[in-house]
Amino acid sequence: MLDFLQIVVNGIAVGSSYALMGLAMVIIYKTSEVPNFAQGEMALISTYFAYMLIEYHGLPYYVAFPAALIFSAVLGCILEFAVLRRAKEPNILGMIVITIGMEMVLLGLVSWKFGADPKTMAFPILPYDSIALGKIYISTLEVLTLVVVLFLTGALFLFFRFSKLGLAMKATQQNSTAARLMGIRTHRILMVTWGISSFVGCTAGLLIAPVAMQPFMMWDPLLKGFAAAVMGGMTSLPGAVIGAYLLGIIENLFGGYVSIEFKSVVAFLIIVMVLCVKPSGLFARHYVKKV
Amino acid sequence: MKKRQLWVVLAVMVMVIGFAFGAVAEEGVTDTEIHIGQWGPQTGPAAAWGSVARGTAVYFKMINAAGGIHGRKIVYHMFDDGYNPAKTMAGVKELQEGVGIFAWASGVGTAPGMAVRKYLMERKVPWVGAASGSHYWITPPEKYQFATYPLYFNEAMALVAYAVNNLGSKKIAMAYQNDGYGKNGLEGAENMLKRHGLELVAKVPVEVKDKDMKSHVMKMKQAGADTVLLWVSPTHGLTIMGTAKAMQFAPQWMSTSTLSDFPFMYKISKGLWQGVITGSFAELPDSKNPLMKKYKKAYEKYAAKEERWGVFFYAGFGFIEPMVEALHRSGRDLTRERFVKEMEGIRNFKGIMGTINFKPFDPKDPSSRLGTNEVFLVKCLADGKYEVLTSWLTVK
Amino acid sequence: MDMKRDYYEDLQLFSSGVIFFWFTVLIIFLAVFPFLVKNYYVYVANFMAINIIVALGLNILVGYTGQISLGHAGFFAIGAYGTIVLMTRAGLPFLLALPVSGLIASLFGFLLGLPALRLKGPYLVIATLGFGLTITQIIGRLEFFGGRDGLHAPELTIGPWHLNSDRHFYYLLITITVLMTVAARNLIKTKVGRAFIAIRDADIAAETMGVNLVLYKTLAFALSAFYAGIAGGLYAFVLRFIEPEIFTLMMSIMFLAMIVVGGLGSIMGSIAGAGLLSWMDLQLRNILSIPYLGEWLENFSRSYFSTTGISNIQFIVFGSIMILIMLFEPLGIYGIWIRIKKYWKTWPF
């Protein structure tokens with residue numbers, strides 16, 4: 001029983017980083033219907049930016065981290081403005097390939113500048129300390145990540161539901177022509193979306209980096225985050241978060257009781273099964289196309 | 001009709017030129033140059049091992065600055081294969097058939113190496129010092145391939161023997177990368193444990209792509225392991241130890257020479273690495289060995305400023321020391337056959353790795369193509385300092 | 001000139017003598033190509049041809065039927081392993097083992113097509129992606145397939161010919177590629193092809209018109225997987241050694257990028273995209289040996305970046321080229337070709 005609880009706690013701890021990446025992907029997908037494959041690398045370059053400030057320029061982390069978050073938001077805006085918006089007659093697949101291209105460019109830039117050696121980020125709390133709940137352990141970094149996830153989910157949820165900008169985003173997603181006619185600057189909305197999404201991704205990067213950072217560190221969280229978002233419904237923020245925690249728990253239960261080797265892939269099998277039953281994910285309303 | 005003749009003539013010419021090159025002089029050797037090639041991942045997930053190929057580059061620069069080998073300079077062709085066998089094959093073919101490579105040095109990776117092995121062996125191109133200790137390079141032994149990296153199998157045996165005999169470990173668990181690298185180590189560990197009438201209490205496969213190591217640590221913790229052997233990549237090692245620390249699981253950690261770069265590991269693990277015992281196949285970074293000092297000078301002179309003086313940088317020197325020795329011994333009259341003969345004549349050769357011995361080729365004897373099986377064990381102290389636990393040893 | 005006046009004209013393989021002429025020239029060029037270049041370029045050509053076969057198949061699925069797959073490395077792996085295992089364990093000759101493993105791949109394609117009936121967009125992406133990852137994991141687990149140690153391809157002999165050098169294998173490969181290309185082109189002109197296109201454009205409308213969605217969607221997956229399987233089987237003999245780690249997600253992503261960059265829903269696009277991307281994949285590592293540019297890049301890295309990571313420039317170039325093509329021409333290389341053709345048609349007006 002103790003083991004079971006520990007495994008569940010582990011699953012939740014792991015799910016947090018998936019949740020952040022999932023959230024980031026959902027934000028972009030909600031407004032532009034593009035699964036953004038560059039999400040991980042946008043977070044990567046922002047994280048390395050913080051690393052650069054700390055290691056090369058000797059800034060303390062309380063300057064470097066906010067700077068990296070701002071950098072990531074600006075980067076998101078710039079990428080949307082300078083690259084995606086320039087696409088002529090965009091179609092979804094073309095957009096996906098553009099994000100794949102951006103992924104390669106960003107990854108190339110990071111590896112070019114910093115090399116491939118693993119590094120670790122200076123961080124206010126040691127990532128190996130843990131809190132004990134009875135005999136169940138969870139590391140302080142994971143608790144922090146969990147808090148960040150809950151806070152961001154809440155904030156984003158409220159933002160999308162109640163703020164003017166959030167409503168405008170919703171309108172853009174539902175019918176961008178009508179939104180434009182209503183006086184919403186849909187281009188600008190898209191740009192802001194990318195900024196917010198990149199910001200959320202960057203928090204994931206910053207929270208992963210204290211243990212080990214290297215140029216490929218965001219691949220796994222991105223894939224799992226994407227998978228989790230799909231399971232949750234791809235358009236629902238709470239859905240993505242719940243999906244992420246489910247994924248983390250399922251993975252760890254499977255790894256704990258059945259097979260570690262298939263731990264990572266079983267998540268995908270379960271998602272396929274979920275999708276067979278609910279083709280639009282667990283928490284999105286199934287959208288039936290009108291003819 | 002005329003056109004057809006033209007084609008026939010052209011085809012014949014191509015063939016003649018193609019064959020002629022082989023007959024006139026040894027491929028890759030001119031009056032002033034010896035062409036040596038190497039592949040190494042400079043990009044992609046395995047790029048951290050790319051330092052081997054860059055180390056070799058510095059080694060050759062050092063040799064050339066000292067006048068080369070019998071008046072010939074070494075021309076070093078290194079290319080990036082991104083750990084993708086298709087690209088390794090492409091690069092090897094391009095260089096072998098375009099430039100003409102006399103011999104190949106080191107080369108990181110099992111899959112890339114396996115993809116080109118047959119090609120090189122069929123063409124009778126020597127290949128010295130593949131940069132991994134898997135048994136693929138000597139099963140079956142090939143006349144033109146020489147391995148200089150001690151087998152992971154034997155290294156694991158040495159580590160387990162030390163754990164059982166000197167540390168009194170009873171419950172040993174192992175986390176191994178789920179590929180040739182990890183499985184070679186696993187076999188060695190199990191083999192040695194069997195001799196002591198023990199078994200691994202937990203063996204946990206680690207997928208290269210996985211990031212989350214919690215289930216892995218849980219398994220080993222549940223098994224109550226007092227010693228854990230890590231046969232994984234540095235980042236996985238880091239994650240496993242960090243996760244274990246957070247779960248208050250503190251066994252004696254042991255690991256392979258791949259993770260023996262203590263100053264580096266200590267730094268990136270924020271001190272977690274203290275107390276880890278690993279094998280080592282080469283002298284330590286702070287060694288007083290005169291050869292090591294010489295190499296370090298070359299590193300300071302020729303290496304890029306971001307280059308780290310780590311094990312897998314100077315391993316780029318160490319893996320091919322016997323190759324350079326054999327090139328020296330071959331004299332002016334350098335051919336591949338002569339080179340292989342000189343390689344086979346290497347006995348009790350001591351560079352910065354274990355003592356290297358080769359034997360005349362025997363297809364039934366893998367050790368005729370395995371230069372050394374010697375490792376020694378070290379322990380990580382505070383600030384990434386080394387404590388040497390054993391002298392060079394071979395566990396059979 | 002481009003107007004089709006009747007159905008039979010649409011069915012013709014060569015719409016005019018000019019095209020037939022150029023086709024013949026192409027075939028002759030392909031036949032003498034190995035004698036004109038170094039062996040290395042024959043290897044590159046082989047590599048391209050394999051990617052072209054995959055791209056053709058993937059384009060049937062993505063470009064013509066409007067589905068999406070990020071799991072084609074899985075089918076590719078099934079083809080590669082299937083061919084080698086059937087030859088070494090079951091003793092089948094290559095010419096039989098290859099199509100059989102293609103069929104096995106297409107069976108898996110059919111199975112993957114079943115959940116795909118209900119899935120769209122990112123949901124389908126994740127489902128196919130999961131398939132690709134799972135397949136290599138399973139293969140790696142089974143000792144029968146060599147596990148993580150991988151498998152060596154056996155010697156290849158067809159009748160009196162030993163096809164173990166790049167040049168010899170080239171002829172087999174090119175023959176298969178040309179056949180597969182013609183087959184794909186013809187397929188699109190048939191009822192099946194038109195059903196695919198109808199599904200892509202509006203699946204509900206297609207269904208009301210009597211197109212059996214279940215049949216044709218799974219058929220598209222199966223066909224596409226067949227192409228990937230055949231290509232995989234051939235790849236095993238170009239590389240002569242396979243192991244599960246070769247068939248990565250990155251490979252699937254590259255396959256998809258090939259057809260999108262080349263041009264969706266176009267045979268020529270598949271060929272151009274696969275050719276360009278596989279060429280870049282193999283050749284960009286030499287970017288630093290370009291005179292002047294290489295030296296400049298090295299100095300530039302020394303001052304602003306790092307020389308140890310300099311090889312990563314190839315990713316930057318690769319990504320940028322992909323982005324630029326997609327930004328300026330949503331139809332990819334095929335779109336550029338159409339524009340050039342249009343321009344010259346009315347030239348000089």
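Conventions and cut-offs
- Residues numbered from 1 in each chain as written.
- Chains lettered and ligands numbered in written order.
- Predicted model: local features only at pLDDT ≥ 70, side-chain atom pairs only at ≥ 80, totals over all residues.
- Helix = DSSP H or I, 4+ residues; strand = E, 2+ residues; numbered from the N terminus.
- Rg over C-alpha atoms; globule rule 2.2 N^0.38 Å.
- Contact = placed C-beta atoms within 7 Å.
- Nonpolar A, V, L, I, M, F, W, Y, C, P; charged D, E, K, R; others polar.
- Buried ≥ 20, exposed ≤ 12 C-beta atoms within 10 Å, placed from the backbone.
- Pairing = 2+ DSSP bridges.
- Axes fitted to C-alpha atoms, helices over the stretch in contact; angles between N-to-C directions.
- Parallel < 35°, antiparallel > 145°, perpendicular 65-115°, else oblique.
- Left-handed = near helix turned anticlockwise from the far one by under 90°.
- Domains from an automatic or database assignment.

## So, the overall build of chain A
- A tally of helices and strands in chain A yields 11 helices and two strands.
- In chain A, the succession of helices and strands from N to C terminus is α-α-α-α-β-β-α-α-α-α-α-α-α.
- On C-alpha atoms alone, chain A measures out to a radius of gyration of 19 Å, which is about the 19 Å that the 2.2 N^0.38 rule sets for 291 residues.
- With the C-alpha coordinates aligned to their principal axes, the bounding extent of chain A is approximately 60 × 50 × 35 Å.

## Description of the interface of chain A and chain C
- Each partner contributes to the interface: chain A provides 43 residues, whereas chain C provides 40 residues.
- Secondary-structure elements contributing two or more residues to the side of chain A that touches chain C are α4 (92–114), α9 (219–232) and α11 (263–277) of chain A.
- Per-element tally for the side of chain A that touches chain C: the top contributor is α4(A), with 16 residues.
- By residue class, the composition of the side of chain A that touches chain C is 31 nonpolar, six polar and six charged.

## Quick look at the pairing of strand β6 (residues 172–177) of chain B
Residue and element names in this part refer to chain B.
- For β6, a buried count of six out of six residues is recorded, marking the element as mostly surrounded by other parts of the structure.
- Neither face of β6 is left uncovered, since the one carrying Ile172, Met174 and Tyr176 and the one carrying Ala173, Ala175 and Gln177 both have all their residues buried.
- Sheet analysis places β6 next to strand β8 (residues 227–231), joined by five bridges and oriented parallel. Counterpart to Tyr176 in the pairing with β8 is Trp231.
- Summarising the sheet, β6 and strand β7 (residues 200–206) pair through six bridges and their orientation is parallel.

## Concerning the pairing of strand β1 (residues 130–133) of chain A
Residues and elements named next belong to chain A.
- Inspection of the sheet shows β1 paired to strand β2 (residues 136–139) by four bridges, in the antiparallel sense. Paired with Leu133 across the strands is Ile136, a residue of β2.
- Taking the residues between adjacent antiparallel strands as the criterion, β1 and β2 are bridged by two residues, where Gly134 takes a positive phi near 65°.

## Looking at the environment of C:Leu86
Residue and element names in this part refer to chain C.
- Following the sequence through the fold, Leu86 ends up in helix α4 (residues 72–88).
- In this structure, the C-alpha to C-alpha distance between Leu86 and Ala97, residues 11 residues apart in sequence, is 5.8 Å.
- In this structure, Leu86 is in contact with Leu92, Ala97, Val100 and Ser101, ignoring residues within four places of it in sequence.

## Here's the deal with the sheet that holds β7(B)
Residue and element names in this part refer to chain B.
- One open sheet holds the seven strands; their spatial order is β7-β6-β8-β9-β10-β13-β14, and the pairing between them is mixed. Only two strands of the sheet have a single neighbouring strand rather than two, namely β7 and β14 (386–388). On average, adjacent strands in this sheet sit at an angle of 25° to one another, irrespective of strand direction.

## As for the packing of helix α5 (residues 152–166) of chain B against helix α6 (residues 180–195) of chain B
All names here are of chain B.
- Between α5 and α6, the shortest axis-to-axis distance is 7 Å and the interhelical angle comes to 45°. With respect to each other, α5 and α6 are oriented oblique. The crossing of α5 and α6 is right-handed. For the pair α5 and α6, contact is made by Tyr152, Phe153, Asn154, Glu155, Ala156, Met157, Val160 and Ala161 and by Tyr181, Asn184, Gly185, Glu187, Gly188, Ala189, Asn191, Met192 and Leu193, respectively.

## Some thoughts on the sheet that holds strand β1 (residues 33–39) of chain B
Residues and elements named next belong to chain B.
- The five strands lie next to each other as β2-β1-β3-β4-β5, forming an open sheet whose pairing is parallel. Here the strands that pair on one side only, and so sit at the sheet edges, are β2 (73–79) and β5 (145–146).
- One ladder, built from seven bridges, connects β1 with β2; its direction is parallel. Bridged to Ile34 within β2 is Ile74.
- Lying on the sheet, helix α3 (residues 85–99) is in contact with β1 and β2; it crosses β1 at an angle near 170°.

## With respect to the domain arrangement of chain B
All names here are of chain B.
- Split into domains, chain B comes out as domain 1 (27–150 + 288–361) and domain 2 (153–280 + 377–388).
- Just the C-alpha atoms count here: the centres of domain 1 and domain 2 sit 29 Å apart.
- At the interface, 10 residues of domain 1 touch nine residues of domain 2.

## Quick notes on unusual backbone geometry
- Each neighbour pair has its own omega, and for B:Thr139 with B:Pro140 the value is -10°, a cis peptide bond.
- Inspection of the secondary structure assignment puts B:Pro140 in the loop between β4 (127–128) and β5.
- A positive phi angle, close to 60°, is found at A:Glu33, a residue other than glycine.
- The residue A:Glu33 is located in the loop between α1 (2–32) and α2 (39–55) in this model.
- A count of 14 C-beta atoms within 10 Å places A:Glu33 in the partly exposed class.
- Notably, B:Asp383 is not glycine yet its phi reads approximately 60°, a positive angle.
- Secondary-structure assignment places B:Asp383 in the loop between β13 (376–380) and β14.

## Concerning the interface of chain C and chain B
- The interface of chain C with chain B comprises 25 residues on the first partner and 29 residues on the second.
- Among the secondary structure elements, those contributing two or more residues to the side of chain C that touches chain B are α3 (39–64) and α14 (313–328) of chain C.

## Some words on the environment of B:Met265
All names here are of chain B.
- Turning to its location among the elements, Met265 is positioned in helix α9 (residues 262–268).
- Sequence separation between Met265 and Glu33 is 232 residues, and the spatial gap between their C-alpha atoms is 39 Å.
- Those residues within four positions of Met265 in sequence are excluded, and the remaining contacts are Pro234, Leu259 and Trp273.

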